[in-house]
Amino acid sequence: MNAPLVIAVPSKGRLQENASAFFARAGLGFQQGRGARDYHGAIAGLPGVLVKFLSASEITTQLATGQAHLGVTGEDLVREQMPDADAAVTLLTPLGFGQANVVVAVPQAWIDVRTMSDLDEVAVDLRVRHGRKMRVATKYVNLTRRFFARHGVADYRIVESLGATEGAPASGAAEIIVDITTTGATLAANALKVLDDGVMLRSEANLVAALHAPWTDEARAAARAILGRIAAEEAARTTREIRARIAADDAGAAIAQGERHGARAPYGITAPELVLHCPKESVFALVDALAAAGAADVTVRSLDYVFRSENALLARLEARIGPQPG
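Only a predicted model underlies this, so the values are computations on that prediction, with no experimental measurement involved. (Residues numbered from 1 in each chain as written. Predicted model: local features only at pLDDT ≥ 70, side-chain atom pairs only at ≥ 80, totals over all residues. Heavy atoms only, no water.)

Novice: Explain the nonpolar core here, please?
Specialist: Nonpolar side chains in soluble globular proteins tend to be buried together. Counting 49 residues, the largest nonpolar core has Leu5, Phe23 and Ile226 as the members making the most contacts within it. Counting residues per element, this core draws most heavily on helix 9 (residues 217–237), which supplies 7 residues. Here Leu5 is in contact with Gly48, Val49, Leu50, His69, Leu70, Trp215, Ala219, Ala222, Ala223 and Ile226, once residues within four sequence places are set aside. With 24 residues, the next largest nonpolar core counts Val136, Val141, Phe148 and Val153 among its residues. (Core = buried A, V, L, I, M, F, W, Y, C linked by side-chain atoms within 4.5 Å. Buried < 20%, exposed > 50% of the residue type's maximum accessible area, 1.4 Å probe, protein only. Helix = DSSP H or I, 4+ residues; strand = E, 2+ residues; numbered from the N terminus. Contact = heavy atoms within 4.5 Å.)

See the structure below:
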(Lines give C-alpha, C1' and ligand atoms only; values in the text may rest on other atoms or scores of the structure.)
Protein backbone atom coordinates (compact mmCIF):
# COMPACT_ATOMS: atom_id res chain seq x y z
CA MET A 1 0.00 0.00 0.00
CA ASN A 2 1.31 3.43 -0.86
CA ALA A 3 2.52 5.53 2.06
CA PRO A 4 1.15 9.07 2.49
CA LEU A 5 3.03 12.23 1.71
CA VAL A 6 4.55 13.55 4.95
CA ILE A 7 4.91 17.32 5.50
CA ALA A 8 6.92 18.51 8.51
CA VAL A 9 6.07 21.99 9.80
CA PRO A 10 7.04 23.99 12.91
CA SER A 11 5.08 23.05 16.01
CA LYS A 12 5.01 26.40 17.80
CA GLY A 13 5.72 30.11 17.76
CA ARG A 14 5.77 32.62 14.95
CA LEU A 15 7.17 30.12 12.46
CA GLN A 16 4.23 27.81 13.08
CA GLU A 17 1.76 30.67 12.61
CA ASN A 18 3.46 31.81 9.40
CA ALA A 19 3.69 28.29 7.98
CA SER A 20 -0.01 27.64 8.67
CA ALA A 21 -0.94 30.98 7.07
CA PHE A 22 1.23 30.22 4.03
CA PHE A 23 -0.47 26.89 3.39
CA ALA A 24 -3.92 28.33 4.13
CA ARG A 25 -3.45 31.03 1.48
CA ALA A 26 -2.88 28.22 -1.01
CA GLY A 27 -6.12 26.51 0.05
CA LEU A 28 -4.22 23.95 2.14
CA GLY A 29 -5.60 24.44 5.63
CA PHE A 30 -4.16 22.25 8.38
CA GLN A 31 -6.45 20.10 10.52
CA GLN A 32 -5.45 18.82 13.96
CA GLY A 33 -7.94 16.25 15.21
CA ARG A 34 -7.24 16.78 18.91
CA GLY A 35 -6.48 20.50 18.74
CA ALA A 36 -3.20 22.38 19.07
CA ARG A 37 -1.67 19.68 21.28
CA ASP A 38 -1.99 17.11 18.50
CA TYR A 39 1.36 16.72 16.76
CA HIS A 40 -0.12 14.95 13.74
CA GLY A 41 -2.61 16.44 11.35
CA ALA A 42 -3.97 16.48 7.82
CA ILE A 43 -4.83 18.92 5.05
CA ALA A 44 -8.52 19.68 4.62
CA GLY A 45 -9.94 18.10 1.48
CA LEU A 46 -6.67 16.49 0.41
CA PRO A 47 -6.33 12.77 1.26
CA GLY A 48 -3.03 10.94 1.39
CA VAL A 49 -1.20 13.63 3.38
CA LEU A 50 0.17 13.44 6.93
CA VAL A 51 1.24 16.72 8.58
CA LYS A 52 3.79 16.42 11.38
CA PHE A 53 4.22 19.34 13.81
CA LEU A 54 7.85 19.22 14.95
CA SER A 55 10.66 21.33 16.38
CA ALA A 56 13.00 23.05 13.94
CA SER A 57 15.83 20.57 14.49
CA GLU A 58 13.46 17.59 14.14
CA ILE A 59 12.19 18.89 10.80
CA THR A 60 15.71 19.06 9.40
CA THR A 61 16.51 15.55 10.70
CA GLN A 62 13.36 14.07 9.17
CA LEU A 63 14.12 15.69 5.81
CA ALA A 64 17.72 14.48 5.89
CA THR A 65 16.67 10.90 6.64
CA GLY A 66 13.73 10.87 4.23
CA GLN A 67 11.10 10.42 6.97
CA ALA A 68 9.35 13.54 5.63
CA HIS A 69 8.84 14.35 1.96
CA LEU A 70 8.37 18.11 2.38
CA GLY A 71 9.21 20.45 5.22
CA VAL A 72 9.21 24.09 6.24
CA THR A 73 12.50 25.13 7.78
CA GLY A 74 15.20 27.77 7.57
CA GLU A 75 18.09 27.45 5.14
CA ASP A 76 20.46 28.10 8.06
CA LEU A 77 19.41 24.85 9.74
CA VAL A 78 19.58 22.93 6.47
CA ARG A 79 23.13 24.10 5.78
CA GLU A 80 24.24 23.62 9.39
CA GLN A 81 22.78 20.21 10.16
CA MET A 82 23.22 18.44 6.81
CA PRO A 83 26.86 17.73 5.86
CA ASP A 84 25.97 17.57 2.14
CA ALA A 85 22.63 19.36 2.01
CA ASP A 86 22.39 19.55 -1.77
CA ALA A 87 22.61 15.76 -2.04
CA ALA A 88 19.88 15.21 0.57
CA VAL A 89 17.31 17.93 -0.14
CA THR A 90 16.29 20.57 -2.63
CA LEU A 91 15.01 24.00 -1.64
CA LEU A 92 11.85 24.43 -3.72
CA THR A 93 10.90 28.01 -2.88
CA PRO A 94 11.47 30.67 -0.21
CA LEU A 95 8.33 31.39 1.77
CA GLY A 96 8.74 35.09 2.59
CA PHE A 97 9.09 34.78 6.37
CA GLY A 98 11.70 33.79 8.93
CA GLN A 99 14.33 36.05 7.35
CA ALA A 100 17.59 36.26 9.27
CA ASN A 101 21.32 36.39 8.59
CA VAL A 102 24.04 34.19 10.04
CA VAL A 103 26.89 36.61 10.75
CA VAL A 104 30.36 36.98 12.21
CA ALA A 105 30.29 39.64 14.92
CA VAL A 106 33.20 41.14 16.87
CA PRO A 107 33.41 43.70 19.70
CA GLN A 108 32.75 47.28 18.60
CA ALA A 109 35.93 48.22 20.47
CA TRP A 110 37.94 46.44 17.78
CA ILE A 111 37.89 49.54 15.60
CA ASP A 112 40.57 48.27 13.19
CA VAL A 113 38.84 44.96 12.59
CA ARG A 114 36.35 45.32 9.75
CA THR A 115 36.86 42.26 7.53
CA MET A 116 37.63 38.55 7.74
CA SER A 117 41.19 39.36 6.67
CA ASP A 118 41.53 41.67 9.67
CA LEU A 119 40.11 38.91 11.86
CA ASP A 120 42.75 36.49 10.60
CA GLU A 121 45.43 38.93 11.73
CA VAL A 122 43.84 39.10 15.20
CA ALA A 123 43.78 35.30 15.39
CA VAL A 124 47.45 35.02 14.41
CA ASP A 125 48.39 37.75 16.90
CA LEU A 126 46.57 35.97 19.74
CA ARG A 127 48.43 32.74 19.01
CA VAL A 128 51.87 34.35 18.61
CA ARG A 129 51.72 36.81 21.49
CA HIS A 130 49.50 35.00 23.97
CA GLY A 131 49.89 31.36 22.99
CA ARG A 132 46.20 30.65 22.56
CA LYS A 133 43.67 30.48 19.81
CA MET A 134 40.88 32.98 19.20
CA ARG A 135 37.60 31.64 20.63
CA VAL A 136 34.41 31.73 18.55
CA ALA A 137 31.11 31.19 20.37
CA THR A 138 28.41 29.73 18.13
CA LYS A 139 25.62 27.23 17.63
CA TYR A 140 26.54 27.08 13.93
CA VAL A 141 29.64 24.89 14.15
CA ASN A 142 29.64 23.49 10.61
CA LEU A 143 28.74 26.77 8.89
CA THR A 144 31.48 28.51 10.84
CA ARG A 145 34.14 25.99 9.92
CA ARG A 146 33.29 26.13 6.24
CA PHE A 147 33.08 29.94 6.13
CA PHE A 148 36.32 30.48 8.05
CA ALA A 149 38.12 27.94 5.84
CA ARG A 150 37.01 29.82 2.71
CA HIS A 151 38.53 32.99 4.17
CA GLY A 152 41.75 31.28 5.25
CA VAL A 153 41.15 31.77 8.98
CA ALA A 154 42.61 28.80 10.85
CA ASP A 155 43.87 30.00 14.25
CA TYR A 156 40.66 29.69 16.24
CA ARG A 157 38.67 27.24 18.29
CA ILE A 158 34.92 26.94 18.59
CA VAL A 159 33.13 27.34 21.89
CA GLU A 160 29.73 25.73 21.41
CA SER A 161 27.05 28.08 22.70
CA LEU A 162 24.15 26.65 24.66
CA GLY A 163 22.60 29.94 25.74
CA ALA A 164 22.61 33.56 24.61
CA THR A 165 25.54 33.59 22.19
CA GLU A 166 25.72 37.39 21.98
CA GLY A 167 26.76 37.57 25.65
CA ALA A 168 29.87 35.41 25.23
CA PRO A 169 32.42 38.21 24.56
CA ALA A 170 31.22 40.30 27.52
CA SER A 171 31.39 37.29 29.85
CA GLY A 172 34.88 36.36 28.69
CA ALA A 173 33.79 33.03 27.23
CA ALA A 174 34.88 33.97 23.70
CA GLU A 175 36.42 36.81 21.72
CA ILE A 176 33.90 36.80 18.86
CA ILE A 177 30.62 35.12 17.90
CA VAL A 178 28.82 33.62 14.94
CA ASP A 179 25.08 33.98 15.40
CA ILE A 180 21.80 34.60 13.62
CA THR A 181 20.30 38.09 13.58
CA THR A 182 17.30 39.81 12.05
CA THR A 183 17.81 43.51 12.77
CA GLY A 184 21.20 43.59 14.49
CA ALA A 185 19.69 45.34 17.51
CA THR A 186 20.66 42.59 19.96
CA LEU A 187 24.23 42.60 18.67
CA ALA A 188 24.45 46.37 19.07
CA ALA A 189 23.02 46.14 22.58
CA ASN A 190 25.87 43.80 23.44
CA ALA A 191 28.49 46.13 21.90
CA LEU A 192 29.07 43.90 18.87
CA LYS A 193 29.33 44.69 15.16
CA VAL A 194 29.04 42.58 12.02
CA LEU A 195 32.15 42.40 9.83
CA ASP A 196 31.79 44.04 6.43
CA ASP A 197 32.17 40.65 4.72
CA GLY A 198 30.87 38.69 7.68
CA VAL A 199 27.41 37.71 6.45
CA MET A 200 27.77 33.95 6.13
CA LEU A 201 24.23 33.16 4.98
CA ARG A 202 21.06 35.12 4.23
CA SER A 203 18.44 32.69 5.43
CA GLU A 204 14.68 32.48 5.40
CA ALA A 205 12.05 29.78 5.74
CA ASN A 206 11.91 27.53 2.69
CA LEU A 207 9.72 24.76 1.39
CA VAL A 208 12.22 21.90 1.29
CA ALA A 209 11.88 18.52 -0.43
CA ALA A 210 13.70 15.39 0.73
CA LEU A 211 15.39 13.52 -2.10
CA HIS A 212 15.64 10.21 -0.22
CA ALA A 213 12.00 10.03 0.92
CA PRO A 214 9.83 7.21 -0.49
CA TRP A 215 8.30 8.99 -3.47
CA THR A 216 5.47 6.55 -4.09
CA ASP A 217 2.71 7.12 -6.61
CA GLU A 218 0.43 8.40 -3.83
CA ALA A 219 3.11 10.73 -2.44
CA ARG A 220 3.83 12.14 -5.90
CA ALA A 221 0.14 12.72 -6.60
CA ALA A 222 -0.29 14.59 -3.30
CA ALA A 223 2.86 16.62 -3.95
CA ARG A 224 1.59 17.54 -7.41
CA ALA A 225 -1.66 18.85 -5.95
CA ILE A 226 0.09 20.75 -3.15
CA LEU A 227 2.75 22.32 -5.36
CA GLY A 228 0.11 23.23 -7.94
CA ARG A 229 -1.85 25.21 -5.37
CA ILE A 230 1.25 26.83 -3.90
CA ALA A 231 2.48 27.87 -7.35
CA ALA A 232 -0.98 29.22 -8.24
CA GLU A 233 -1.14 31.32 -5.06
CA GLU A 234 2.42 32.56 -5.57
CA ALA A 235 1.68 33.52 -9.18
CA ALA A 236 -1.48 35.35 -8.14
CA ARG A 237 0.31 37.21 -5.36
CA THR A 238 2.91 38.56 -7.78
CA THR A 239 0.55 39.18 -10.72
CA ARG A 240 -2.13 41.72 -11.53
CA GLU A 241 -4.78 41.38 -14.22
CA ILE A 242 -5.17 44.42 -16.47
CA ARG A 243 -8.23 44.81 -18.66
CA ALA A 244 -8.62 47.54 -21.24
CA ARG A 245 -10.86 48.53 -24.12
CA ILE A 246 -8.83 48.55 -27.29
CA ALA A 247 -9.54 48.99 -30.99
CA ALA A 248 -8.59 46.08 -33.20
CA ASP A 249 -6.05 48.25 -35.06
CA ASP A 250 -4.32 49.13 -31.76
CA ALA A 251 -4.35 45.66 -30.19
CA GLY A 252 -1.00 44.58 -31.67
CA ALA A 253 0.77 47.67 -30.33
CA ALA A 254 -0.85 47.16 -26.93
CA ILE A 255 0.32 43.53 -26.78
CA ALA A 256 3.83 44.64 -27.68
CA GLN A 257 3.80 47.16 -24.83
CA GLY A 258 2.69 44.42 -22.50
CA GLU A 259 5.58 42.17 -23.51
CA ARG A 260 8.05 45.01 -22.90
CA HIS A 261 6.80 45.18 -19.30
CA GLY A 262 6.87 41.45 -18.70
CA ALA A 263 3.13 40.95 -19.20
CA ARG A 264 1.44 38.14 -21.09
CA ALA A 265 -1.88 37.94 -22.91
CA PRO A 266 -3.20 34.57 -21.68
CA TYR A 267 -6.22 34.65 -24.01
CA GLY A 268 -4.54 36.22 -27.03
CA ILE A 269 -5.78 39.34 -28.78
CA THR A 270 -9.47 39.66 -28.00
CA ALA A 271 -10.43 43.17 -29.11
CA PRO A 272 -12.36 45.17 -28.09
CA GLU A 273 -11.32 43.87 -24.64
CA LEU A 274 -7.66 43.17 -23.96
CA VAL A 275 -6.65 41.06 -20.93
CA LEU A 276 -3.05 41.07 -19.69
CA HIS A 277 -1.37 39.40 -16.75
CA CYS A 278 1.33 41.74 -15.53
CA PRO A 279 4.05 41.53 -12.87
CA LYS A 280 2.83 43.48 -9.86
CA GLU A 281 5.76 45.88 -9.88
CA SER A 282 5.20 46.86 -13.53
CA VAL A 283 1.50 47.70 -13.33
CA PHE A 284 1.61 51.49 -13.43
CA ALA A 285 4.27 51.70 -16.12
CA LEU A 286 2.22 49.34 -18.29
CA VAL A 287 -1.02 51.26 -17.70
CA ASP A 288 0.68 54.42 -18.96
CA ALA A 289 2.07 52.58 -21.97
CA LEU A 290 -1.33 51.09 -22.82
CA ALA A 291 -2.96 54.53 -22.67
CA ALA A 292 -0.33 55.81 -25.08
CA ALA A 293 -1.11 52.87 -27.39
CA GLY A 294 -4.79 53.79 -27.55
CA ALA A 295 -6.27 51.72 -24.72
CA ALA A 296 -9.15 53.14 -22.67
CA ASP A 297 -11.10 52.24 -19.53
CA VAL A 298 -8.13 50.39 -18.06
CA THR A 299 -8.85 48.40 -14.89
CA VAL A 300 -6.47 46.54 -12.59
CA ARG A 301 -7.40 43.81 -10.17
CA SER A 302 -5.79 41.25 -7.86
CA LEU A 303 -6.21 37.54 -8.46
CA ASP A 304 -6.78 34.70 -6.02
CA TYR A 305 -5.01 31.93 -7.93
CA VAL A 306 -3.31 31.60 -11.31
CA PHE A 307 -3.03 27.97 -12.39
CA ARG A 308 -0.62 27.72 -15.30
CA SER A 309 0.14 24.73 -17.48
CA GLU A 310 3.75 24.80 -16.33
CA ASN A 311 4.59 24.40 -12.63
CA ALA A 312 8.13 25.47 -11.81
CA LEU A 313 7.97 23.96 -8.30
CA LEU A 314 6.93 20.54 -9.55
CA ALA A 315 9.52 20.69 -12.33
CA ARG A 316 12.20 21.54 -9.76
CA LEU A 317 11.18 18.58 -7.62
CA GLU A 318 10.99 16.08 -10.47
CA ALA A 319 14.35 17.25 -11.80
CA ARG A 320 15.88 15.94 -8.55
CA ILE A 321 13.79 12.84 -7.77
CA GLY A 322 13.18 11.82 -11.37
CA PRO A 323 9.89 11.56 -13.25
CA GLN A 324 7.17 9.18 -12.12
CA PRO A 325 7.94 5.65 -13.32
CA GLY A 326 5.90 4.68 -16.34
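Next, the rest of the story.
Novice: For this particular structure, what's the right way to read the side chain of Thr90?
Specialist: Among the structural elements, Thr90 can be located in strand 6 (residues 89–94). Accessibility expressed as a relative area gives 9% for Thr90, which makes it buried. Every residue in contact with Thr90, bar those within four places of it in the chain, is listed here: Leu207, Val208, Ala209, Leu211 and Arg320.

Novice: What am I meant to see in helix 11 (residues 283–292) here?
Specialist: One turn of an α-helix holds 3.6 residues; hence residues three or four places apart share an orientation. Here helix 11 has its buried residues at Val283, Leu286, Ala289 and Leu290. Down the axis of helix 11, the smallest arc covering the buried residues is 125°, so these residues share one side. Opposite the buried face of helix 11, by more than 90 degrees, sit the exposed residues Phe284, Asp288 and Ala292. On its buried side, helix 11 packs onto strand 13 (239–245), helix 10 (248–260), strand 14 (273–279) and strand 15 (296–302). Where helix 11 terminates, the next one or two residues include Gly294, which has phi positive at roughly 105°. (Arc of directions from axis to C-beta.)

Novice: How should the pattern of salt bridges be read in this particular structure?
Specialist: If the charged atoms of two oppositely charged side chains come close together, the side chains can form a pair. Under the defined criterion, the tally for this structure stands at 13 salt bridges. Close ionic contact of Glu75 with Arg79 constitutes a salt bridge, the shortest N to O distance being 3.3 Å. With Glu75 and Arg79 both in helix 3 (residues 75–81) and 4 residues apart, this pair spans about one turn of that helix. Residue classification places Glu75 among the buried positions, given a relative accessible area of 18%. (Salt bridge = Lys/Arg side-chain N within 4 Å of Asp/Glu carboxyl O.)

Novice: I keep staring at the sheet that holds strand 7 (residues 100–107) and nothing clicks. Help me out?
Specialist: Across a sheet, paired strands are connected by hydrogen bonds in the backbone, their directions being either parallel or antiparallel. Taking strand neighbours across the sheet as the criterion, the 5 strands line up as 9-8-10-7-11 in an open arrangement whose pairing is mixed. Edge positions in the open sheet fall to strand 9 (156–160) and strand 11 (192–203), since each of these has one partner strand only. With direction set aside, neighbouring strand axes in the sheet form an average angle of 25°. In the sheet, strand 7 pairs with strand 11 via 7 bridges, with the strands oriented antiparallel. In the strand pairing of strand 11, Val103 is matched with Val199. Where helix 5 (residues 116–130) meets the sheet, it contacts strand 7, strand 8 (134–138), strand 10 (176–181) and strand 11, and its direction lies at approximately 125° from that of strand 8. (Pairing = 2+ DSSP bridges. Axes fitted to C-alpha atoms, helices over the stretch in contact; angles between N-to-C directions.)

Novice: Even after reading the chapter, I still don't get the packing of helix 9 against helix 12 (residues 312–321), so can you show me in this structure?
Specialist: Each pair of packed helices can be summarised by the angle the axes make with each other and by the distance between the axes. One way to put it is that helix 9 packs onto helix 12 with a least axis distance of 8 Å and a crossing angle of 145°. Of the residues in helix 12, those touching helix 9 at Arg220, Ala223, Arg224, Leu227, Ile230 and Ala231 are Leu313, Leu314, Leu317, Glu318 and Ile321. Per-class residue counts for the contact of helix 9 with helix 12 are 8 nonpolar, no polar and 3 charged. (Nonpolar A, V, L, I, M, F, W, Y, C, P; charged D, E, K, R; others polar.)

Novice: Mind showing me how you'd approach the sheet that holds strand 14 here?
Specialist: The strand order 14-13-15 describes an open sheet built from 3 strands, whose pairing is antiparallel. The strands lining the two open edges of the sheet, one partner per strand, are strand 14 and strand 15. Each adjacent strand pair in this sheet contributes to an overall mean axis angle of 20°, direction not counted. Summarising the sheet, strand 13 and strand 15 pair through 5 bridges and their orientation is antiparallel. Bridge pairing in strand 15 places Glu241 opposite Arg301.

Novice: Before we go on, may I ask you to explain helix 1 (residues 13–25) in this structure?
Specialist: Between its first and last C-alpha atoms helix 1 spans 19 Å; for 13 residues at 1.5 Å apiece the expected length is 18 Å, and the two agree. Of the positions making up helix 1, those classed as buried are Gln16, Ala19, Phe22 and Phe23. Buried positions in helix 1, seen along its axis, are confined to an arc of 130° and lie on one side of it. Looking at the residues trailing helix 1, positive phi occurs at Gly27, about 70°. (Expected span 1.5 Å × (residues − 1).)

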